[in-house]
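For reference, the chains in residue letters:
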Amino acid sequence: MYKNSDNYDYEKKDIDINLSTKIIGKNIIIFDEIDSTNKFLKENSKEIDEGTVVLAKRQTNGYGRRGNSWAGTEGGVFLSILLKPDKVINDSARISLVTALSIKKTLIETELPIEIKWPNDLLINGKKICGILTEIVNLDEGEDVLVLGIGLNVNNTHFPLEISKIATSLKIEKEKKENFENINFDTAKIIASICKNIEIAYYTYLSDGFSFFLEEYRKNCINIGKKVKILCADKNFEQGTVLDINKDGSILFEDEFGKIKNIFSGEISIKVDI
Ligand code: BTN
């Protein structure tokens, strides 16, 4: 998982050597620079096969949930996968949760303390290392497809000022932990492993549903039992406690007045520390 050189660039052949999947990553498109890998797949999803992976070394206009921008500087992984499940609209949110678990699985080898913040942010020591954005694309024929976008901070050393306090990378955290400079991760191996773990999880999800992952998700989610502040789609805040993760991937939430409700991921942003 580590690379014995300062050069943390990656090439398609290095991903291919490490890839052991049947569908995800069978077709890989790599750009040195693009505005957004999600946007590319959304615009070209008609002609592209399921499982195609689009990667960029740099992204100039990457975006995340709720219209936030996603920093696209070198060292990060910017990856989008085209998926064509039967019930796209139903499945989209839960595929994001399952993807978060898949990425966590890939990152176990780093021996870093990776946690999942509901619905699908991966954090190390309270800072974000990975964000996931699923987007539904409506094709002309009435068919919907899913673009699963992943931004993972691997060898990044700097972040834009506005996110420098809340973002981190595997490299920054590993160097801090080992008190040693110049640790570079092998990005190609990480990408191949992400494809493998997502492929396994995606097809398990399609056959067995989210219930297969529920216990694993509960174990890894930092929010259960914690007080949170949630930013609703209408920009209002609500405070309360996350009681549990429901079978459908939503959270069971008790607000400050004791009212219990289910909250779905599309609607909110969670602030952990209040
Ligand atoms: C979030 O946490 O808000 C989700 C961030 C998702 C970023 C990735 S990077 C690859 C893909 N292309 C994009 O423009 N966005 C996603």
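Residues numbered from 1 in each chain as written. Predicted model: local features only at pLDDT ≥ 70, side-chain atom pairs only at ≥ 80, totals over all residues. Heavy atoms only, no water.

Caption draft 1: Up close: the site of the ligand. Taken together, the neighbourhood of the ligand is formed by 19 residues, with Ser36, Gln59, Tyr63, Arg65 and Lys128 sitting nearest. In this structure, a nitrogen atom belonging to the ligand sits 3.1 Å away from a side-chain N or O atom of threonine 37. Taking lysine 128, its side chain carries an N or O atom lying 2.6 Å from an oxygen atom of the ligand. The fraction of the free accessible surface of the ligand (420 Å²) that becomes covered by protein chains is 98%. Those elements that provide at least two residues to the shell around the ligand are α2 (37-44), β4 (76-83), β7 (127-138) and β8 (144-153). The biggest single contributor to the shell around the ligand is β7, with four residues. (Near = heavy atom within 4 Å. Polar contact = N/O pair within 3.5 Å; in protein donor to acceptor, adjacent residues only side chain to side chain. Areas by Shrake-Rupley, 256 points an atom, 1.4 Å probe, with all protein chains shown as cover. Helix = DSSP H or I, 4+ residues; strand = E, 2+ residues; numbered from the N terminus.)

Caption draft 2: Spatial organisation of the side chain of aspartate 144. With respect to the helices, strands and loops of the structure, aspartate 144 is situated in strand β8. The side chain of aspartate 144 sits in the buried core without any salt bridge; lysine 84 is the nearest counter-charge, 12 Å away. Look past the residues within four positions of aspartate 144 in its chain and what remains in contact with it is Val88, Ile89, Ile136, Val137 and Asn138. (Buried < 20%, exposed > 50% of the residue type's maximum accessible area, 1.4 Å probe, protein only. Lys, Arg positive; Asp, Glu negative; His and termini not counted. Salt bridge = Lys/Arg side-chain N within 4 Å of Asp/Glu carboxyl O. Contact = heavy atoms within 4.5 Å.)

Caption draft 3: Representation of the pairing of strand β3 (residues 53-59). Burial of β3 is extensive: six of the seven residues sit out of reach of the surface. As paired elements, strand β2 (residues 28-34) and β3 share six bridges and run parallel to each other. By the bridge assignment for β3, isoleucine 34 is matched with glutamine 59. For the crossover from β2 across α2 to β3, the handedness is right-handed. Sheet topology places β3 next to β4; four bridges connect them, and they run antiparallel. Looking across to β4, one finds that leucine 55 is bridged to leucine 79. (Pairing = 2+ DSSP bridges. Right-handed = clockwise from strand over helix to strand, strands pointing away.)

Caption draft 4: Representation of the nonpolar core. Ranked by internal contacts, the top residues of the largest apolar core, which has 59 residues, are Leu55, Leu122, Ile129, Leu152, Leu170 and Tyr217. No other element matches helix α5 (residues 187-208), which puts 10 residues into this core. Excluding residues that lie within four positions of it along the chain, leucine 170 makes contacts with Leu107, Thr110, Leu112, Ile124, Ile129, Asn153, Val154, Phe185 and Ile190. (Core = buried A, V, L, I, M, F, W, Y, C linked by side-chain atoms within 4.5 Å.)

Caption draft 5: Spotlight on the environment of threonine 52. With respect to the helices and strands, the residue threonine 52 is situated in the loop between α2 and β3. Those residues in contact with threonine 52 that lie beyond four places of it in its chain are Asn27, Ile29, Leu41, Ser80, Ile81 and Leu82. In terms of polar contacts, threonine 52 uses its side chain to reach the side chain of asparagine 27, at 3.2 Å.

Caption draft 6: Up close: the sheet that holds β8. Read from one edge to the other, the open sheet built from seven strands follows the order β2-β3-β4-β8-β7-β6-β5, with strand pairing classed as mixed. Two strands close off the open sheet at either side, each with one partner strand: β2 and β5 (114-117). Taking the axes of each pair of neighbouring strands and ignoring which way they run, one obtains an average angle of 20° across the sheet. (Axes fitted to C-alpha atoms, helices over the stretch in contact; angles between N-to-C directions.)

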